[in-house]
Amino acid sequence: MRTAPGQRVRTRFAPSPTGYLHVGGLRTALYNYLYAKKTDGDFIVRIEDTDQARKVEGADRSLLKTLEMTGIVPDESILHGGHFGPYVQSERLDIYRRFCRQLLDQKNAYYCFSTAEELEENRKLQMKQGLQPKYNRKWLPEEMGGTMPGSEIRKKMQENVPHVVRMRVPDYISIMFDDVVRGPVEFDSATVDDQVLMKSDGFPTYHFASVIDDHLMEISHVIRGEEWLSSMPKHLLLYDFFGWEPPKAAHLPLLLNPDRSKLSKRQGDVAVEDFLKKGYSSEAIINFVALLGWNEGEGCEREVYSLEELEKTFSLERVGKAGAVFNIEKLDWLEKQYIKARPQEKILDVIRPLLQSELEKKSTDMNVDHISSDEYLGQVIELMRERVSFEHEIITFSSYFFFDPEAYDEKAVHKRWAPDTNDVLRDFITVLETVEDFSADNLEKTLKDFVAPREKKPAFLIHPLRILTSGVGFGPSLYHMLEVFGKETVLRRLRKGLERISVPQQEQGGLPPRGIVIRD
Ligand code: GLU
């Protein structure tokens, strides 16, 4: 049964299946989704594939899949069904034909036989004259205020000459509407072209199909990018021809690069699936995209929102007009906030399979059961979550938690080794061998007690210990890291390290060591 207009909120995201899901598309989908959720309405995804030449096989499903990966699940779509289908325009051709017939009968539309060459010539001529290019109405019938006799049109039809159907834009009227984001907008019909509604291949144009579908699918709010604002007069005229009430419109601000140019279309920079592949989480992506044009209130400092929170807080009224700058650093910052706050189990779910595949690739000297246990991984997570940009880096950037170092950062070794470093390390190993409490606190105390009588600073040992046990010169707190490695691993790595790093005899005696040798 048809609900009275204005009763139920129904929004739609209407992507053309021409490739990947652009962040701009995700923002449109998200705002439509949020507005529907906020008002207990329906969110629909409709595939607009009327441009058959640009259609990419499988793009419809992959767009929906990517959307779902970010947590946006439509109520109605090609995958979810619904009462207003089909949800793909190429399966609705008979509907558009029927409505096109109606407009032809009503004399709101006419056949046009102008060839591509003629149109191009006309366009060039108008440009030369400094006019805005528009169809010259060569085929507008006499009976509709044009110059073409009906007999000529009938003749072409009988000869089956390829043609399109154009809408007849009324002369000199003003077309006004209230945009939810932009406020009152007015267009002069003299600036509106006699838009093609049906193409010669029998497919409708975007404008025609989208108006019909928005009406038949009972869309209450059309929320889309600002680039579609200029299409509004055509759409509103079509609603008027049919005697339909148009949905409310909200045109979202442009997305800009930090230099305020229009956001790039280069896939690597803006494809949502690529962000996911790089390791950004759906939470951070959604949060980031939500803030591209919307804020909760003037002066509101809050920046971190979950999808559920957005479903409650979002409002179309708080979407701004000014272009929204796409600042990737903000996304990075948000990702870090999410990693800091994410429950350990969730991170475990991501890193467990990564560790598994690492362990399949190479063997380890550590106890596999121990390093794969939730307890061990949990300790690694807590040490690393503040230091990584992506969850997967917990495994990829800190492989020393799972594998003995294969090499040492040479620069770090040269910087941190003194002529007597190896001797002091050797003595320290014998002390460590006797340590029973291998906790970070006790390790710190042990090291400090050890260096003090030798008139060395803790750093004298801290850096070499880190390099020998992890291979690199930076990382989380040394003492905590050693505690997680455990005594056996620490001692094994230190002994191995001392065998591999040697300071030549002649360098001893206070001079900065030069020919340090690091053996494999
Ligand atoms: N199919 C159009 C697009 O690709 C949809 C525009 C609209 O939302 O009306 O963006």
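Heads up: these notes are all about the structure in this document. (Residues numbered from 1 in each chain as written. Predicted model: local features only at pLDDT ≥ 70, side-chain atom pairs only at ≥ 80, totals over all residues. Heavy atoms only, no water.)

### Overview of the packing of aromatic side chains
The line we're drawing: Pairing of aromatic rings covers Phe, Tyr and the six-membered ring of Trp, with a centre-to-centre limit of 6.5 Å; geometry is then stacked below 30 degrees between planes, edge-to-face above 60, and tilted otherwise. A run of H or I in DSSP counts as a helix once it spans at least four residues, and a run of E counts as a strand once it spans at least two, with each numbered from the N terminus. Each residue is placed in one exposure class: buried if its accessible area under a 1.4 Å probe, protein chains only, is under 20% of its type's maximum, exposed if it is over 50%, and partly exposed if it falls in between. Whether a charge lies above a ring is judged from NZ of Lys or CZ of Arg, which has to be within 6 Å of the ring centre and within 35 degrees of the ring normal.
The final tally for this structure, using the stated rule, is 21 aromatic pairs. Taking 5.4 Å as the distance between ring centres and 70 degrees as the angle between the ring planes, the aromatic pair formed by Trp294 and Tyr305 counts as edge-to-face. Of this pair, Trp294 sits in the loop between α10 (282-290) and α11 (307-313) while Tyr305 sits in the loop between α10 and α11, and the two are 11 residues apart along the sequence. Summarising the aromatic geometry, the rings of Tyr400 and Phe401 are spaced 5.1 Å apart at their centres and angled 45 degrees between planes, so their arrangement reads as tilted. By the burial criterion, Tyr400 is buried, and Phe401 matches it. Three or more aromatic residues joined by ring pairs form one cluster here, namely Phe99, Phe208, Tyr239, Phe242 and Trp244. For Arg166, the ring lying beneath its charged end belongs to Tyr135, and the centroid distance is 3.8 Å. The ring of Phe403 is capped by Lys362, whose NZ or CZ atom sits 4.5 Å from the centre of that ring.

### A closer look at empty space enclosed by the protein
Counted only if it meets this: Lining residues are defined by having an atom within 4 Å of a point belonging to a cavity or pocket. Those points lie on a 1 Å grid over the protein atoms alone, cavities being sets where a 1.4 Å probe fits but cannot get out and pockets being open sets with protein on both sides within 12 Å along at least five of seven lines. Grid points are joined across faces, edges and corners, and a volume is the space filled by probe spheres set on the points. Residues were grouped as follows: Ala, Val, Leu, Ile, Met, Phe, Trp, Tyr, Cys and Pro as nonpolar; Asp, Glu, Lys and Arg as charged; and all remaining residues, including Gly, as polar.
A complete count under the given rule lists one cavity of 30 Å³ or more for this structure. In this structure, the largest cavity encloses a volume near 90 Å³. Taken together, 13 residues make up the lining of the largest cavity; nearest its centre are Val222, Arg224, Met232, His235 and Tyr239. At the level of secondary structure, the elements contributing two or more residues to the lining of the largest cavity comprise α6 (206-216), β8 (221-225), α7 (232-242) and β9 (248-252). No other element matches the four residues that α7 contributes to the lining of the largest cavity. Of the residues contributing to the lining of the largest cavity, the split by class is eight nonpolar, two polar and three charged.

### A few points about α7
Residues spaced three or four apart along an α-helix point in a common direction, a consequence of the helix completing one turn every 3.6 residues. Of all 11 residues in α7, 10 are buried; the element is thus mostly enclosed. Burial in α7 covers these residues: Met232, Pro233, Lys234, His235, Leu236, Leu237, Leu238, Tyr239, Phe241 and Phe242.

### Observations regarding unusual backbone geometry
A cis amide bond links Gly85 to the next residue, Pro86, at an omega of -5 degrees. For Pro86, the location among the structural elements is in the loop between α2 (59-69) and α3 (93-106). In this structure, Asp40 is a non-glycine residue whose phi angle is positive, near 60 degrees. Looking at the element boundaries, Asp40 is found in the loop between α1 (23-38) and β2 (42-45).

### Digging into the layout of surface pockets
Roughly 1100 Å³ of volume is contained in the largest pocket. Every residue lining the largest pocket is counted, 34 residues in all, and those nearest its centre are Ser16, Gly25, Glu227, Trp228 and Lys265. Breaking the lining of the largest pocket down by element, the ones donating at least two residues are β1 (10-13), α1 and β8. In terms of residue count, α1 provides more of the lining of the largest pocket than any other element does, four residues in total.

### Some words on the packing of α3 against α6
In plain terms, the rule: Every axis in this analysis is a line fitted to C-alpha atoms, fitted for helices over the stretch in contact. Angles between the N-to-C directions lie between 0 and 180 degrees. Between 65 and 115 degrees an angle is taken as roughly perpendicular, under 35 as roughly parallel, over 145 as roughly antiparallel, and anywhere else as oblique. Throughout, a contact is declared for two residues whenever any of their heavy atoms are within 4.5 Å.
Where α3 meets α6, the closest approach of the two axes is 10 Å, and the angle between their N-to-C directions is 105 degrees. Classified by the interaxial angle, the pair formed by α3 and α6 is roughly perpendicular. Side by side, α3 and α6 meet where Ile95, Tyr96, Phe99, Cys100 and Leu103 of the first sit next to Phe208, Ala209, Ile212, Asp213 and Leu216 of the second. By residue class, the composition of the contact of α3 with α6 is nine nonpolar, no polar and one charged.

### Re the sheet that holds strand β3 (residues 109-112)
Inclusion rule: If DSSP finds at least two bridges between two strands, the strands pair.
Pairing is antiparallel in the open sheet, where three strands are placed in the order β3-β4-β7. Looking along the sheet, the strands with just one partner apiece sit at the ends: β3 and β7 (196-198). Pairs of neighbouring strands in the sheet enclose a mean axial angle of 45 degrees, with direction left out of account. In this sheet, strand β4 (residues 164-167) lies alongside β3 in antiparallel orientation, the contact comprising four bridges.

### So, the side chain of Asp60
In plain terms, the rule: Charged residues are defined here as Lys and Arg on the positive side and Asp and Glu on the negative side; His and the ends of the chain fall outside this count. Only one rule defines a salt bridge in this text: a Lys or Arg side-chain nitrogen within 4 Å of an Asp or Glu carboxyl oxygen.
Note on placement: Asp60 falls in helix α2. Of the side chains with opposite charge, Arg61 comes closest to the buried, unpaired Asp60, at an N-O distance of 4.8 Å. Once residues lying within four places of it in the same chain are set aside, the contact partners of Asp60 are Pro17, Ile47 and Ile78.

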